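Breakdown of the fold
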Amino acid sequence: MRTLLFLTPLVVSATVRNPVAGLELALGGGIGVLNMLAVMRNNERLLEGGRSRAMFALSGQVRIFAVGLLPVAVALRLGSFWTVALYFTGFFTPLALYAIDYRRSIRQGT
């Protein structure tokens with residue numbers, strides 16, 4: 001939810017200037033949230049013993065490949081290659097917001 005609130009004005013602003021840029025930023029934010037959830041779930045399964053280390057590593061590599069390929073494919077298809085940077089900005093936004101919130105909670109001692 002925090003990512004949605006943070007990225008929505010940026011996506012609207014980018015879409016007004018260039019619809020492909022808005023699409024890439026929104027796509028990056030959405031995929032970033034899904035990626036964080038997948039990483040958390042895979043970590044839980046690994047710690048519970050429900051997944052081997054080899055499968056853990058393989059799923060991570062497949063996810064990294066898909067996440068890296070998607071923005072390039074969209075940019076090539078729609079003709080705006082520079083928007084790949086906006087995708088990765090959106091992709092890492094959920095992680096950055098989580099890290100800031102986590103650091104704040106550590107400093108507060110909760």
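No experiment lies behind these values; they were computed from the predicted model shown. (Residues numbered from 1 in each chain as written. Predicted model: local features only at pLDDT ≥ 70, side-chain atom pairs only at ≥ 80, totals over all residues. Heavy atoms only, no water.)

This part takes up the overall build of the chain. If you tally the helices and strands in the chain, you get four helices and zero strands. Seen in sequence order, the chain has helices and strands lined up from the N terminus as α-α-α-α. On the principal axes, the C-alpha backbone points of the chain span a range of 45 × 35 × 15 Å. When each of the 110 residues of the chain is scored for burial, the buried share is 29%. Carbon and sulfur atoms provide 70% of the accessible area of the chain, an area that totals close to 7500 Å². Side chains of the chain give 11 positive and 4 negative charges; the mean places of these two sets differ by 5 Å. (Helix = DSSP H or I, 4+ residues; strand = E, 2+ residues; numbered from the N terminus. Buried < 20%, exposed > 50% of the residue type's maximum accessible area, 1.4 Å probe, protein only. Areas by Shrake-Rupley, 256 points an atom, 1.4 Å probe, with all protein chains shown as cover. Lys, Arg positive; Asp, Glu negative; His and termini not counted. Charge placed at Lys NZ, Arg CZ, Asp CG, Glu CD.)

Helix 4 (residues 84-108) packs onto helix 1 (residues 2-17) with a crossing angle of 125 degrees between their chain directions and a minimal axis gap of 10 Å. Taken together, the axis directions place helix 1 and helix 4 in an arrangement best described as oblique. In the packing of helix 1 onto helix 4, the handedness of the crossing is right-handed. Contacts between helix 1 and helix 4 involve Arg 2, Thr 3, Phe 6 and Leu 7 from the former and Gly 90, Thr 93, Pro 94, Leu 97, Tyr 98 and Asp 101 from the latter. Broken down by class, the residue content of the contact of helix 1 with helix 4 amounts to five nonpolar, three polar and two charged. (Axes fitted to C-alpha atoms, helices over the stretch in contact; angles between N-to-C directions. Parallel < 35°, antiparallel > 145°, perpendicular 65-115°, else oblique. Left-handed = near helix turned anticlockwise from the far one by under 90°. Contact = heavy atoms within 4.5 Å. Nonpolar A, V, L, I, M, F, W, Y, C, P; charged D, E, K, R; others polar.)

What follows is about helix 3 (residues 53-78). Think of an α-helix as turning once every 3.6 residues; residues three or four places apart then point the same way. Taking 1.5 Å per residue, 26 residues should reach 38 Å; helix 3 reaches 38 Å between its end C-alpha atoms and fits that length. Once helix 3 finishes, Gly 79 follows within two positions and takes phi at roughly 80 degrees, a positive value. (Expected span 1.5 Å × (residues − 1).)

Residue placement: Asn 35 occurs in helix 2 (residues 19-48). Residue Asn 35 is classed as buried on the basis of its relative accessible area, which comes to 17%.

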